[in-house]
Every structure is written in C-alpha cells, then in structure tokens.
Amino acid sequence: MEPGLIRPGLSVPCPQFCPHCPQEIEWTPACQTPRTVWDLSAVISREPEARQPGAGWPRRHKTAMLSNRGPLFFPMARFILFVFMASTIFHLKQRVAKIQRMWDIQMLESENATGYLSRGVWTINAVGRLGNQMGQYATLYALAKENGRPAFIPAQMHRMLAPLFRITLPVLPRTTARRIAWQNYHLNDWMEEQYRHISGKYVRFTGYPSSWTFYHHLRHEILREFTPHDHVREEAQNFLRCLQVNGRRPDTFVGVHVRRGDYVHVMPKMWRGVVADRKYLEQALDWFRARYSAPIFVVSSNGMAWCWENIDTSRGDVVFAGNGIENAPAKDFALLTQCNHTVMTIGTFGVWAAYLAGGETIYLANYTLPDSPFLKIFKPEATFLPEWIGINADLSPLLKH
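In this text the structure is predicted, and so the values were computed from the model without any measurement.

Chemist: Where do I start with the overall build of the protein in this structure?
Modeler: Helix and strand content of the protein: 15 helices and 9 strands. Relative to all contacts within the protein whose residues are 6 or more apart in sequence, the contacts with residues 24 or more apart total 67%. As presented, the protein carries roughly 23,000 Å² of accessible surface, and 56% of it is formed by carbon and sulfur atoms.

Chemist: Please explain the sheet that holds strand 2 (residues 183-186) as it appears in this structure.
Modeler: The strands that make up a sheet pair up through hydrogen bonds in the backbone, lying either parallel or antiparallel. Spatially, the 3 strands line up as an open sheet ordered 1-3-2, and their pairing is parallel. Both outer strands of the open sheet, strand 1 (121-124) and strand 2, are each paired with one neighbouring strand and no more. Ignoring strand direction, the axes of neighbouring strands in this sheet form an average angle of 25°. Inspection of the sheet shows strand 1 paired to strand 3 (residues 202-206) by 4 bridges, in the parallel sense. Paired with isoleucine 124 across the two strands is phenylalanine 205, which belongs to strand 3. Against the sheet, helix 3 (residues 130-147) touches strand 1 and strand 3, its axis set at about 160° to strand 1.

Chemist: What is the right way to look at the layout of surface pockets in this model?
Modeler: Using a probe with the size of a water molecule, rolled over the atoms, empty space left in the structure can be pinpointed. The computed volume of the largest pocket comes to approximately 990 Å³. In terms of lining residues, the largest pocket is bounded by 40 residues, among which Asn132, Arg259, Tyr263, Gly347 and Thr348 are the most central. The set of elements that each furnish at least two residues to the lining of the largest pocket consists of helix 3, helix 9 (263-270), strand 5 (296-301), helix 13 (348-357) and helix 14 (380-383). A breakdown of the residues in the lining of the largest pocket according to their chemical character gives 19 nonpolar, 15 polar and 6 charged.

Chemist: Help me out: how do you make sense of the nonpolar core in this one?
Modeler: One recurring pattern in soluble globular proteins is that nonpolar side chains are buried together. Counting 94 residues, the largest nonpolar core has Phe165, Phe205, Phe226, Phe333, Val343, Trp352 and Tyr367 as the members making the most contacts within it. Sequence-distant contacts of tryptophan 352, that is, excluding residues within four places in its chain, are made with Gly131, Met134, Gly135, Ala138, Ser210, Tyr215, Ile222, Phe226 and Phe333. Core analysis: the second largest hydrophobic core is formed by 5 residues, Val121, Phe152, Leu172 and Trp182 among them.

Chemist: Would you explain the packing of aromatic side chains in this entry?
Modeler: A ring pair, where both rings are aromatic, is described by two values, the distance of the centres and the angle of the planes. Evaluation of the coordinates by the stated rule reveals 21 aromatic pairs. Grouping aromatic residues by their ring pairs yields a cluster made of Tyr137, Phe165, Tyr215, Phe226, Phe333, Phe349, Trp352 and Tyr355. Sitting over the ring of tryptophan 190, lysine 379 keeps its end group 4.4 Å from the ring centre.

Chemist: Any chance you could explain the pairing of strand 8 (residues 361-365) here in plain terms?
Modeler: Moving residue by residue along a regular strand, the side chains alternate between the two faces of the sheet. Where burial is concerned, most of strand 8 is hidden: 5 out of the 5 residues are buried. Bridging between strand 7 (residues 341-343) and strand 8 involves 2 bridges; their strand directions are parallel. Each bridged residue has a counterpart across the sheet, and for threonine 342 the counterpart in strand 8 is threonine 361. Chirality of the crossover, the property in question, places the unit of strand 7, helix 13 and strand 8 among those that are right-handed. Pairing geometry for strand 8 and strand 9 (residues 389-392), over 4 bridges, is parallel. Bridge assignment links tyrosine 363 to a residue of strand 9, and that residue is glycine 390.

Chemist: What am I meant to see in the confidence of the model for the protein here?
Modeler: Parts of the prediction with low pLDDT should not have their coordinates interpreted in detail. Averaged over all residues, the pLDDT of the protein equals 82, while 75% of them reach at least 70. For the stretch residues 1-70, pLDDT sits under 50, and the model shows 49 contacts to residues farther than four places along the chain or on other chains. Note on residues 103-111: pLDDT under 50 across the span, and 3 contacts to partners over four residues away in sequence or across chains.

Chemist: I'm lost on helix 12 (residues 330-337) in this one. Help?
Modeler: Each turn of an α-helix holds 3.6 residues, which means side chains three or four residues apart point in the same direction. Counting buried positions over the 8 residues of helix 12 gives 6, a clear majority of the element. Next to the buried residues of helix 12 lie helix 3, helix 8 (230-241), strand 4 (253-258), strand 5 and helix 13.

Chemist: How should I be thinking about helix 8 in this particular structure?
Modeler: The end-to-end C-alpha distance of helix 8 is 16 Å, a good match for the 16 Å that 12 residues give at a rise of 1.5 Å each. For helix 8, the full list of buried residues reads Val232, Ala236 and Leu240. All buried residues of helix 8 lie within an arc of 65° about the axis, which places them on one face of the element. The exposed residues of helix 8 that point more than 90 degrees off its buried face are His231 and Glu235. Its buried side turned inward, helix 8 meets strand 4, strand 5 and helix 12.

The rules behind the values
Starting afresh in each chain, residues are numbered from 1 along the sequence in its written order. Per-residue local features of the predicted model are confined to residues with pLDDT of at least 70, and side-chain atom pairs are confined, for both listing and counting, to 80 or more; whole-chain, interface and lining totals are unaffected and use all residues. Values reported for side chains reflect all heavy atoms of the structure, with hydrogen atoms and water molecules removed beforehand. A run of H or I in DSSP becomes a helix once it reaches four residues, and a run of E becomes a strand once it reaches two; helices and strands are each numbered from the N terminus. In this analysis, two residues are considered to be in contact whenever any of their non-hydrogen atoms come within 4.5 Å of each other. Residue burial considers only the protein chains on display, and all accessible areas are found by Shrake-Rupley using a 1.4 Å probe. Two strands are counted as paired when DSSP detects at least two bridges linking them. Note on definitions: angles span 0 to 180 degrees between N-to-C directions of axes, and those axes are lines fitted to C-alpha atoms, for helices only across the stretch in contact. Both cavities and pockets are sets of points on a 1 Å grid over the protein atoms alone; in a cavity a 1.4 Å probe fits but cannot get out, in a pocket the set is open with protein on both sides within 12 Å along at least five of seven lines, and lining residues sit with an atom within 4 Å of a point. Grid points are joined across faces, edges and corners, and a volume is the space filled by probe spheres set on the points. Asp, Glu, Lys and Arg are counted as charged, while Ala, Val, Leu, Ile, Met, Phe, Trp, Tyr, Cys and Pro are counted as nonpolar; the rest, among them Gly, fall into the polar class. Remark: nonpolar core denotes a set of buried residues (Ala, Val, Leu, Ile, Met, Phe, Trp, Tyr, Cys) joined through side-chain atoms within 4.5 Å. Three labels apply to residues, based on accessible area from a 1.4 Å probe with only protein chains included: buried if under 20% of the type maximum, exposed if over 50%, partly exposed otherwise in between. What counts as a ring pair is set by centres within 6.5 Å for rings of Phe, Tyr and Trp (its six-membered ring), and what kind of pair is set by the plane angle: stacked under 30 degrees, edge-to-face over 60, tilted for all other angles. Here, a charge over a ring means that NZ of Lys or CZ of Arg falls within 6 Å of the ring centre while also lying within 35 degrees of the ring normal. Looking down the strands as they point away from the viewer, one classifies a crossover as right-handed if the path from the first strand across the helix to the second runs clockwise. Across the chain, each position has a pLDDT score giving the predictor's confidence in that residue, from 0 to 100. Each helix should span, by expectation, one fewer than its residue count multiplied by 1.5 Å. Think of the arc as the fan of directions from the helix axis to the C-beta atoms.

Here it is as structure tokens:
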C-alpha cells in the first residue's frame, strides 16, 4: 500500500483540518489516519489555536472547539476502557483458574480418601538414609500385600527413592495423613508370625525393618520396584565399560562397599562391635581372585581416604570409583548394583547393593561380642541371605579393652 492511502472500504471521518481536502467535504483517500490513538501529535496540532480555548473566548467558539474535540477523545476513552476491562477480565480468569486448581486438588484428595480410607491406609515412617528407607519401603510393600491393605509412602520417602528407582507405591498426601488417627505399630528387624495378622485399618509402621524375611518371597516384585532408571543404569555401565585390568577389559566386576563414617566410633563404644579392617578386605578380595580370572574390584565407601591407605592396589585390579557423598548416594549405589558380585562390610547400604546385584556376596560376620546389646535388635541370620558367605571379623581390639 502506498503511503498516505487507506484501505478501500474504510470510512473514517477526518478529525482535523486536512491540507489535502476542504473541511466541508468527506474524508478522501489522501488523508492518513494516525497509527495509534496514543500518537497525540498526529491528532492534535501543535499550533496554539488547537489547544484549550481561553476563558475569554466567545461561548460559541468554545462550543465549536469542544464539538471539534469530541471525535478525538471518544475513541481514546473507549480504548482506555477496553484496556481496563481486558486487564480486569484477564486477572479474574487467572485468579479463578488458581482457585479452581486448588478446588481440584482438594476434590481429588477427597475422592481418593473416600476410596481408600474405607479400605484402610498403611504407611511407614521414613527414617534414616537410602539403605534404611529401601528396607522400610520393601517391608511396607510386603506386609500390606500380606494383609490385603493399600500401602502409601510418605513424601520424604518418595523424594529419597523416586529419583533412583521406578517405585510404584503412591504417595500419601500430607493433608490426608494429618486427618488420620494412626495406629503406630513397631516392627522388629525380622519377620514374625503376628505380622501376618495385623487387624488395624490405619497403621503406621515404625522402626528400621530391612530383613529379607519380610519380602524375599516377593523377590521379583521387589527387584522390579528397585529397578534403576535408564539414565542411572547407563551412566554406571558406561563407567564400568571403560575399566581395564592390566591393559584388558575384565570379565568379572566385583562391587566393594566399605562402611565407615559414624560406625567407626558407634560400633565399639555403643554396640561392642567392630568395622571391617584391612585383613578382612584382603581375604574377601582374594576369595574372588581365586575363583575368577582377572576380576576388577570397584570400591565405594564413605571413608575413601582409609580405603586408599588400606586396600592393596599393587595388582592393578582395584578401582576407587565412589565419591563417598552420603547425602547423594545414587552414583555409588548404582555402580555397586551393576557389578556381578559384592564384597560388603556392615550396614543396610551394602546389604541392598548385594541384594540387587545378585551373584555371590562376601560379608563381615560375627562383628560384635556375644553379649552385645546390638544382637537384641539385629539378627544376622535375618539380615544376610543363607547363600551369602561370611568371613569372621577380628574382635581382638575389643578384647584388649
């Protein structure tokens, strides 16, 4: 379109004196309409006579000027009104949408509550780190299924496990949990017959259950629940593929988890026990060296400095792969589970790594004195699978004191 022309069929009254057409005739194509109503320079002349007339002007001149200004300001007023109404409607819609989402969430929780509250709700306290919460999850899964009750996990357990595993148990909304009068039910760390006949409808388990005696009959289901996400598994496997033993790729990968941290002080002072020492690890690694050709040992620990000093690396078959970060254990745990076999010391982290990895497992056995109070809450036969192989701990440091 050429400058100065308007589209055919558009009829707009000329709002001011147009040099291309006399005032007494209609709008001609030579007149150009302002681009926007906010462009006042296009609709109001800068000449003094176009401004508000003075008070001393004749009334007929004022009336004439006001009548001439009408067509200028009415479109602007309508536009401002339109903007105001559009803004008001937009914000009202946003507010209504937000309120509607809140109503939808409340209705969803109410409908869910109506469905599963009538059947009962079972959950469990989420306490401890990764290994503890894996045990709690598996125990809840098994006991709820055994007793025919729906199981729901706390939000904090979901935050711990969901980034690593493809868990399926639903999350219990906090608002719903606060409305329930729970029956707290403490569990020992081993299965008992009474746990098969729990009558409560709204049960919240407490304790640190992690024993295979709760869930091993559902092993395939538990392994499915704790299947790592593809990206977690692939990252671990890509790392393992790059490892070599004396210039060649190994055929056998053995994950080694060395639990230290707080246990170094807690075991001897509180539980009259020990943690794994240098001699135990030598025996465990030699056990695999005697049975497999050129295995490689992938070491993970929350005390990596101690491992560097106490694990013999002269054969070139030991790799210190873990980062030892207790608050972010995904990498270490994934590496251990992707190995063929396991050497563990103590703790639920190592137990679960061995359980998911499968294969052969060496564990530290008899690491407390016979009169240890730890044995009142811990049964070795309920923690380590019967086919796992134990190497007795050296208790001599305890006997010296």
